[in-house]
Amino acid sequence: MKNQEKITFDYALYQIGLYDAYVSYNNREEPFEILSIRNNFAIGWQGNLATNVSVENIYLVKRPRKVWVHIIESPEGLLTSRVTDYQEVTTYKGNTIVKQIEVEI
């Protein structure tokens, strides 16, 4: 967690799946899977232990996202690129996919 930006806990951001939650206490940082929030306490899993944690001790870290960059060649020889969340088949709208690269953003 040292090289990743930590942000203040926001349940809405956590729910959309772009961030992972971590609990911090006693100089330790551990992943925390949140099931629900009640009265400023998060109820969830810390490893294989069900527990509740004050939301003041939770922070979010952006989850790495992988995308595919596709280099596409048209029948006329023009090169373009396209980004998707999945690996493509070998053609795209009649064009040939020359190369596909998986990139973490």
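Heads up: these notes are all about the structure in this document. (Residues numbered from 1 in each chain as written. Predicted model: local features only at pLDDT ≥ 70, side-chain atom pairs only at ≥ 80, totals over all residues. Heavy atoms only, no water.)

Moving on to the environment of Leu35. If you trace the backbone, Leu35 turns up in strand E4 (residues 33-38). Residues Leu35 and Ala50 lie 15 residues apart in sequence; the distance between their C-alpha atoms is 9.9 Å. Apart from the residues lying within four places of it in its own chain, the contact partners of Leu35 are Tyr11, Ile43, Gly44 and Trp45. (Helix = DSSP H or I, 4+ residues; strand = E, 2+ residues; numbered from the N terminus. Contact = heavy atoms within 4.5 Å.)

Glancing now at the nonpolar core. Grouped burial of nonpolar side chains is what soluble globular proteins tend to show. Membership of the largest hydrophobic core is limited to twelve residues, which are Phe9, Tyr14, Tyr19, Ala21, Val23, Phe32, Ile34, Ala42, Val53, Val55, Ile58 and Leu60. Sorting the residues of this core by element identifies strand E2 (19-25) and strand E7 (58-62) as the ones contributing at least two each. In terms of residue count, the dominant contributor to this core is E2 (three residues). Residues within four places of Ile58 in sequence aside, it is in contact with Phe9, Ala21, Tyr22, Phe32, Ile34, Ala42 and Val53. (Core = buried A, V, L, I, M, F, W, Y, C linked by side-chain atoms within 4.5 Å. Buried < 20%, exposed > 50% of the residue type's maximum accessible area, 1.4 Å probe, protein only.)

Within this structure, the stated rule accounts for five salt bridges. A salt bridge links Arg63 to Asp20, with the shortest nitrogen-to-oxygen separation between them at 2.5 Å. Residue Arg63 is found in the loop between E7 and strand E8 (66-73), and its partner Asp20 is found in strand E2; the two are separated by 43 residues along the sequence. (Salt bridge = Lys/Arg side-chain N within 4 Å of Asp/Glu carboxyl O.)

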